[in-house]
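Chain and residue survey
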Amino acid sequence: MYFIGYDIGSSSIKAALLDADSGRCMASAISPSREMPIQVPYKGWAEQEPESWWREIIAATDLLRQQVRIDSSAIGGIGIAYQMHGLVCVDKQQQVLRPAIIWCDSRAVHIGNRAFNALGKQYCLDHLLNSPGNFTASKLRWIYENEPHIYERIDKVMLPGDFIAMKLTGDICTTVSGLSEGVLWDFKANAISRKLLDYYNIDESLIPAVVPAFGVQGALTAAAAAALQLPAGIPVTYRAGDQPNNALSLNVLKPGEAAATAGTSGVVYAVHDKHASDLQSRVNTFVHVSNDEQHLRDGVLMCLNGTGIANSWLKNMLGDIDYAAMNSEAAACAPGADGLLVYPFGNGAERILGSRHIGASVRYLDFNRHGRRQLLRAVQEGIVFGLNYGLEIMSAMDLKIHRVRAGNANMFLSPLFREIFANTANTVIELYNTDGAQGAARGAAIGAGYVNMEEAFRGMERLMVVEPEATLQVQYREVYGKWLTELRSKL
């Protein structure tokens, strides 16, 4: 039996075809070959056209079909992973009313901060486990205040994965994990947060029906089947935001386990067995996909927006270098980059900085001492230091992380990045042969009842283990201390 997983990112759509019996990935594809555009009509905004995600899913599915010959009648289900915290609005005909406001858009920060104070910080942290911040609910309130002509036409609001599920099945629904990532879930009441909806004056009828993360969530319509060239009736059996799904893809399901990604943004996502919150809501707690009535499982997420995008920006500015050469040149420079410090906060408001947008910056640049090598290393160090700053916030929430699992992708492909991360954070890094699309396919197999949680990870291999080294720890912690002192002077 085979399962398809889709991972809807902001830069591309990934697809994977999994043989659930062996656990082997039969084919994988990415579309488009170049990063999808993010529209930035105003400072702090970030939007994408939801229909572009659907077009790239069709293209990625076609690429899968070109790689392998599979009896499509043996496809047992489809899983969806998606970029978190976005907002898609559709009318009664399921037509998109405006571009999606995506995860890195910061226009609603002031709205969430106002709600945090008006509802009471302690109430929000007790019930929502987060400030309403810049999440989906606050983005919807922004539309209410600034685009009333759009708001009055909305029939349903969705997260990006809910939209793709709608395109596949024709049904509009969401999950508890999804509602929590939109900060629409009351953890104490175990229900939609009516208090927040009432404060924002949002009609609860706009919120889709709730379905389990694992299980049948609808079936492929004739129209979707024709577009994908697959049989109608294939069930959608799994849905999760990209970070809970990344944790699933790495078999991070139990308390104390942590997963990391270092793509456009960088994330560390750790599983907790109790409700916990940061008093300043700089890291965020959501319902994890492994949560059930017997086992409380929350996912605590810290995000650094300026991760891979900072490295890719530098690559584009240099123009004549690839990532392998960048890593090689950076590694030729000693830890500390000869005193050069980089702050990679140029991709919107950073939650770990209290939703401030302070911009990226370079400190102590000396034209007589610093060149390309130092800048290349300082960027990688700055990214890791930003991630470590978030890890220290998580540690204060009684999360003890000594081992981090990651897919062998994005910035984790860099030996230097892995070295800086392991030694700055004093953690073991394990790399695996998996990604978000494969995780979504494994989730689909679980949701279809074809495998259980243990059987789902057949075929997943640990490729590498990176251990911290005592001498390097001392060096990186000294540089991090300088970096942190400068950061605090900005906040």
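One can find the structure itself at the top, above this paragraph.
Note that the structure is predicted; figures quoted are calculated from it, not measured. (Residues numbered from 1 in each chain as written. Predicted model: local features only at pLDDT ≥ 70, side-chain atom pairs only at ≥ 80, totals over all residues. Heavy atoms only, no water.)

**Observations concerning the overall build of the protein**
- Counting its regular elements, the protein contains 16 helices and 22 strands.
- Expected size for 491 residues packed as a compact globule is a radius of gyration near 23 Å; at 22 Å, the protein falls within 12% of this value.
- Counting only residues that meet the buried cut, the protein has 61% of its 491 residues in that class.
- Considering only residue pairs separated by 6 or more positions, the protein has 74% of its internal contacts joining residues 24 or more positions apart. (Helix = DSSP H or I, 4+ residues; strand = E, 2+ residues; numbered from the N terminus. Rg over C-alpha atoms; globule rule 2.2 N^0.38 Å. Buried < 20%, exposed > 50% of the residue type's maximum accessible area, 1.4 Å probe, protein only. Contact = heavy atoms within 4.5 Å.)

**Observations regarding the environment of Ala409**
- Secondary-structure assignment places Ala409 in the loop between strand S20 (403–407) and helix H14 (415–425).
- Exposure remark for Ala409: the relative accessible area of 28% places this residue in the partly exposed category.

**A few points about the side chain of Asn246**
- Among the structural elements, Asn246 can be located in helix H10 (residues 242–249).
- Not counting the four nearest positions on each side in its chain, Asn246 is found in contact with Ala259, Ala260 and Thr261.

**A look at the packing of helix H1 (residues 50–67) against helix H6 (residues 160–169)**
- Where H1 meets H6, the closest approach of the two axes is 10 Å, and the angle between their N-to-C directions is 60°. Classed by the angle they form, the pair H1 and H6 counts as oblique. In this structure, H1 crosses over H6, and the sense of that crossing is right-handed. Across the interface between the two elements, Pro50, Glu51, Trp53, Trp54 and Ile57 of H1 pack against Pro160, Phe163, Ile164, Lys167 and Leu168 of H6.
- In terms of residue class, the contact of H1 with H6 is made up of eight nonpolar, no polar and two charged. (Axes fitted to C-alpha atoms, helices over the stretch in contact; angles between N-to-C directions. Parallel < 35°, antiparallel > 145°, perpendicular 65-115°, else oblique. Left-handed = near helix turned anticlockwise from the far one by under 90°. Nonpolar A, V, L, I, M, F, W, Y, C, P; charged D, E, K, R; others polar.)

**Considerations on the sheet that holds strand S21 (residues 428–432)**
- The strand order across the open sheet built from seven strands is S16-S17-S15-S14-S20-S21-S22, with neighbouring strands paired in mixed fashion. Edge positions in the sheet fall to strand S16 (284–287) and strand S22 (462–466), since each has one partner strand and no second. In this sheet, neighbouring strand axes are inclined to one another by 25° on average, regardless of whether the strands run parallel or antiparallel.
- By the bridge criterion, four bridges tie S16 to strand S17 (residues 298–304) in an arrangement that is antiparallel. (Pairing = 2+ DSSP bridges.)

**With respect to H1**
- Under the 1.5 Å per step criterion, the end-to-end length of H1 is 27 Å for 18 residues, consistent within 8% with the ideal 26 Å.
- Within the span of H1, buried status applies to Pro50, Ser52, Trp53, Trp54, Glu56, Ile57, Ala60, Thr61 and Leu64. (Expected span 1.5 Å × (residues − 1).)

**Some remarks on the environment of Thr427**
- As for its position among the elements, Thr427 is in the loop between H14 and S21.
- In this structure the C-alpha to C-alpha distance between Thr427 and His402, which are 25 residues apart in sequence, comes to 4.8 Å.
- Sequence-distant contacts of Thr427, defined by excluding residues within four places in its chain, comprise Ile401, His402, Arg403, Val404, Phe421, Ala422, Val466 and Pro468.
- A polar side-chain atom of Thr427 sits 3.2 Å from the main-chain amide nitrogen of Arg403. (Polar contact = N/O pair within 3.5 Å; in protein donor to acceptor, adjacent residues only side chain to side chain.)

**As for a nonpolar patch on the surface**
- Taken together, Val362, Leu365 and Phe367 make up a surface patch of nonpolar side chains, about 350 Å² in accessible area.
- Checked against the element boundaries, Phe367 lands in the loop between strand S19 (361–363) and helix H13 (372–395). (Patch = residues over 30% accessible without salt bridge, like charges linked within 9 Å, V, L, I, M, F, W, Y side chains within 5 Å. Areas by Shrake-Rupley, 256 points an atom, 1.4 Å probe, with all protein chains shown as cover. Salt bridge = Lys/Arg side-chain N within 4 Å of Asp/Glu carboxyl O.)

**Thoughts on the pairing of strand S5 (residues 75–82)**
- The buried count for S5 comes to eight of eight residues, which makes it a mostly enclosed element.
- Where S5 lies against strand S13 (residues 236–241), five bridges are found, and the strand directions are parallel. Residue pairing across strands places Ala81 opposite Ala240, the latter belonging to S13.

**Brief notes about the sheet that holds S5**
- Taken in spatial order, the five strands make up an open sheet running S3-S2-S1-S5-S13, and their pairing is mixed. On the outer flanks of this sheet lie strand S3 (24–31) and S13, each paired with one strand and no other. Strand-to-strand twist of the sheet, defined as the mean angle between neighbouring strand axes without regard to direction, takes the value 15°.
- Taken together, the seven bridges between strand S2 (residues 13–19) and S3 define a ladder with antiparallel strand orientation. What sits directly across from Asp19, in S3, is Arg24.
- Sheet contacts for H10: strand S1 (2–8), S5 and S13; angle to S13, the most-contacted strand, approximately 110°.
- This element, helix H15 (residues 436–447), spans S1, S2, S3, S5 and S13 of the sheet and lies at about 130° to S1.

**Considerations on helix H12 (residues 323–331)**
- Burial in H12 covers these residues: Met326, Asn327 and Ala330. In a view along the axis of H12, the buried residues occupy a sector of 95°, so they form one face of it. In H12, the exposed positions angled more than 90 degrees off the buried face are occupied by Ala324 and Ser328. (Arc of directions from axis to C-beta.)

**Concerning the side chain of Ser12**
- With respect to the secondary-structure elements, Ser12 resides in the loop between S1 and S2.
- If we ignore the near neighbours within four places in the chain, the residues touching Ser12 are Asp7, Ile30, Ser31, Pro32 and Met36.

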